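Structural overview
The lines below spell out each chain.
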Amino acid sequence: MEKQRENWGSKFGFILAAAGSAVGLGNIWKFPYIAGENGGAAFILVYLISILMIGIPIFISELIIGRKSQLNVVGAYKKLSNNSPFWSIVGYMGIFTAFVILSYYNIVAGWSLGYFFEAIKGTFNEFTTVELASNYFSNQTSNTFWIISWQFLFIALSVYVVFSGVRKGIEKYSKLLMPILLVILISLAVWGISLKGSSAGLTFLFKPDWGSINGRVILIALGHAFFTLSLGMGAIITYGSYFRKDENILTSALWVVFLDTFIAIVAGIAIFTSVFSMGFNPAEGPGLIFNVLPTVFNKMPGGNIFGTLFFLLLFIAALTSAISLLEVITSYFVDQKKHSRHWVVLVAAFVTFLVGIPSAMSFGLLKDFQFFQKNFFDIMDFLSANILLPGGGLLIAIFIGWKFGYRKSMGALESGSEGWLQANIFFAIVGKKVPAKKLSIGNIWFVFVKYVAPILIALVFLKSIGVI
Ligand code: PFF
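Residues numbered from 1 in each chain as written. Predicted model: local features only at pLDDT ≥ 70, side-chain atom pairs only at ≥ 80, totals over all residues. Heavy atoms only, no water.

Let us look at the site of the ligand. Lining the immediate environment of the ligand, one finds 16 residues, of which Ala22, Gly26, Tyr105, Phe227 and Met233 sit closest. In this structure, phenylalanine 227 approaches the ligand through a main-chain N or O atom, which is 2.8 Å from a nitrogen atom. The separation between a nitrogen atom of the ligand and a polar main-chain atom of threonine 228 is 3.2 Å. When the free accessible area of the ligand is taken as 340 Å², the share hidden by the protein chains comes to 100%. Those elements giving two or more residues to the shell around the ligand turn out to be α1 (11-22), α2 (25-37), α5 (85-121), α10 (215-228) and α14 (303-337). Per-class residue counts for the shell around the ligand are eight nonpolar, eight polar and no charged. (Near = heavy atom within 4 Å. Polar contact = N/O pair within 3.5 Å; in protein donor to acceptor, adjacent residues only side chain to side chain. Areas by Shrake-Rupley, 256 points an atom, 1.4 Å probe, with all protein chains shown as cover. Helix = DSSP H or I, 4+ residues; strand = E, 2+ residues; numbered from the N terminus. Nonpolar A, V, L, I, M, F, W, Y, C, P; charged D, E, K, R; others polar.)

This is the structure:
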């Protein structure tokens with residue numbers, strides 16, 4: 001008899017694990033620096049619109065594909081498309097994307113682990129100016145041995161978690177780590193707001209300057225919506241495959257998206273209030289939090305403790321995301337190839353270590369190896385966030401909207417979401433029944449998946465290459 005697939009212990013467990021995947025370096029490291037580089041509030045608005053109109057519908061679609069098939073990303077597409085070669089390739093693209101993301105994700109995660117130890121050692125005490133901090137950052141990130149050692153240690157820790165499986169590994173650690181992260185981040189934001197001059201940071205975050213928007217910026221905002229929600233490559237399909245039939249997909253998806261967005265905004269507040277009140281440059285690039293925050297901690301009462309907590313938080317957030325990327329690869333080899341879980345995790349992790357080495361050296365030995373003014377690290381980031389994930393998302397929307405179709409999708413979504421799906425959207429909002437039956441939440445979701453999301457993604461692609 002076939003072994004029963006492992007399940008999340010509870011809906012809460014799923015929400016924390018999926019939020020663990022979603023909330024990561026994307027929220028705390030990447031979101032502030034790309035918002036800083038692309039004009040602040042206007043960029044954030046485009047990002048929020050992408051989350052609402054594209055992110056939520058696709059998140060629900062991935063959960064459906066995962067739960068319905070009970071399989072990894074490749075197996076899921078194969079099963080639900082009756083072995084279509086095209087859709088199998090889309091599944092393999094997800095595995096490929098996981099390797100591309102991990103190749104540079106593990107590096108930044110390694111930096112945060114390294115900075116956690118620097119904070120404990122009291123290194124930030126020397127950073128009286130941002131120049132001193134950024135010189136230190138450049139020195140460390142050009143030191144191949146430093147980077148690769150931390151990268152290795154970080155990967156070893158993710159292996160440890162994924163080794164233990166879904167419930168005893170991923171779910172257990174996410175439940176423990178996610179609440180700690182929330183508490184630390186909110187404290188930092190409150191501290192940031194209390195600083196003199198913090199209002200300039202809030203204005204930057206919340207007052208849009210539409211002049212800064214163009215096709216490239218819209219693509220970056222859309223790509224980030226995918227990246228931050230872990231969408232477009234099968235991570236949520238994989239987590240959805242451990243989702244029980246009697247749990248509500250709709251409300252779970254909304255919870256995860258809400259938590260992820262909330263945490264990005266809180267991280268933005270924590271970082272930009274500090275950046276502006278100390279007179280730093282918000283467009284500092286990938287080094288933003290590593291250059292600016294240690295200088296902020298240097299000036300802050302109890303800064304060593306906050307600094308230590310902050311980099312611990314960054315590491316935790318990175319860990320719960322990296323394990324979901326590793327799980328995409330692992331579950332494929334376990335389900336499809338019947339390899340043992342432990343063996344697969346070890347080999348996959350080792351491969352991600354190797355493919356990460358050029359990214360690790362992009363700030364040192366391989367600094368001059370550039371293509372279109374991007375180093376290897378930037379290329380991996382651009383390729384995954386701005387091409388592979390939105391492209392994968394477009395295909396997921398097409399799969400659910402056009403291939404799997406209305407009837408089957410509704411059937412798959414229904415179990416666990418019964419009352420919700422048929423509820424009239426106006427009824428859900430204002431509590432009054434309106435006769436228009438077609439406007440049920442389920443129907444509106446489907447229109448977004450079938451038409452709105454694919455058209456918007458296609459338009460953004462076309463605009464970013466200057467066709468429209
Ligand atoms: N969502 C993660 C973050 O914001 O850091 C990154 C990520 C994890 C992207 C898992 C994609 C993925 F499948």
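Right, let's get into a nonpolar patch on the surface. Among the surface-exposed residues, Trp402, Val447, Tyr451, Ile455, Leu459, Leu462, Ile465, Val467 and Ile468 lie close enough to one another that they form a single nonpolar patch of about 890 Å² accessible area. Here the element with the most residues in the nonpolar patch is helix α19 (residues 441-464); it accounts for five residues. (Patch = residues over 30% accessible without salt bridge, like charges linked within 9 Å, V, L, I, M, F, W, Y side chains within 5 Å. Salt bridge = Lys/Arg side-chain N within 4 Å of Asp/Glu carboxyl O.)

Scanning the entire structure with this criterion turns up five salt bridges. The residue lysine 121 makes a salt bridge to glutamate 118 at a minimum N-O spacing of 3.4 Å. One end of the pair is lysine 121 and the other is glutamate 118, both in helix α5 and three residues apart, which spans about a single turn. By relative accessible area, lysine 121 is classed as exposed at 65%. A salt bridge links glutamate 327 to arginine 341, with the nearest nitrogen and oxygen atoms 2.5 Å apart. One end of the pair, glutamate 327, is in helix α14; the other, arginine 341, is in helix α15 (residues 341-360), with 14 residues separating them in the sequence. Judged by relative accessible area, which is 0%, glutamate 327 ranks as buried. Three or more residues are tied together by salt bridges with common partners; here these are Arg244, Asp246 and Glu247. (Buried < 20%, exposed > 50% of the residue type's maximum accessible area, 1.4 Å probe, protein only.)

Moving on, we get to the packing of helix α4 (residues 73-80) against α5. The relative placement of two packed helices comes down to the angle between their axes together with the axis-to-axis distance. Contact geometry of α4 with α5 gives a least axis separation of 8 Å together with a crossing angle of 165°. By the criterion of interaxial angle, the relationship of α4 to α5 is roughly antiparallel. In this structure, the crossing between α4 and α5 has a hand that is right-handed. Between α4 and α5, the contacting residues are Val73, Val74, Tyr77 and Lys78 on the first element and Trp87, Ser88, Val90, Gly91, Tyr92 and Ile95 on the second. When grouped by side-chain class, the residues that make up the contact of α4 with α5 number seven nonpolar, two polar and one charged. (Axes fitted to C-alpha atoms, helices over the stretch in contact; angles between N-to-C directions. Parallel < 35°, antiparallel > 145°, perpendicular 65-115°, else oblique. Left-handed = near helix turned anticlockwise from the far one by under 90°. Contact = heavy atoms within 4.5 Å.)

Now for the packing of aromatic side chains. All chains considered together, the criterion is met by 49 aromatic pairs. When the ring of tyrosine 77 is compared with that of phenylalanine 399, the centres are 5.1 Å apart and the planes differ by 85°; the resulting orientation is edge-to-face. Of this pair, tyrosine 77 sits in helix α4 while phenylalanine 399 sits in helix α16 (residues 376-414), placing them 322 residues apart in sequence. Tyrosine 77 gets classed as buried once you look at its relative accessible area, which sits at 2%. What makes phenylalanine 399 buried here is its relative accessible area of 0%. For the ring pair phenylalanine 117 and tryptophan 150, a centre distance of 5.2 Å and an interplane angle of 20° mean the geometry is stacked. With a gap of 33 residues between them, phenylalanine 117 in helix α5 and tryptophan 150 in helix α7 (residues 144-163) connect regions that are remote in the sequence. Residue classification places tryptophan 150 among the buried positions, given a relative accessible area of 17%. Stacked on the ring of phenylalanine 227, the Lys or Arg lysine 30 has its end atom at 4.3 Å from the ring centre. Seen from the ring of tryptophan 402, lysine 450 lies directly overhead, with NZ or CZ sitting 4.3 Å from the centre. (Phe/Tyr/Trp six-rings, centres within 6.5 Å; stacked < 30°, edge-to-face > 60°. Lys NZ or Arg CZ within 6 Å of the ring centre and 35° of its normal.)

Moving on to the packing of α15 against α16. Remark: α15 packs on α16, axes separated minimally by 7 Å, with the N-to-C direction vectors making an angle of 120°. Classified by the interaxial angle, the pair formed by α15 and α16 is oblique. On α16, the residues touching Val355, Pro358 and Ser359 of α15 are Phe376, Phe377 and Met380. Looking at the contact of α15 with α16, its residues break down into five nonpolar, one polar and no charged.

Turning next to a positive patch on the surface. Among the surface-exposed residues, Lys68, Lys79, Lys245, Lys403, Arg407 and Lys408 lie close enough to one another that they form a single positively charged patch. The element contributing the most residues to the positive patch is α16, with three residues. In this structure, lysine 245 sits in the loop between α11 (235-240) and α12 (249-277). (Lys, Arg positive; Asp, Glu negative; His and termini not counted. Charge placed at Lys NZ, Arg CZ, Asp CG, Glu CD.)

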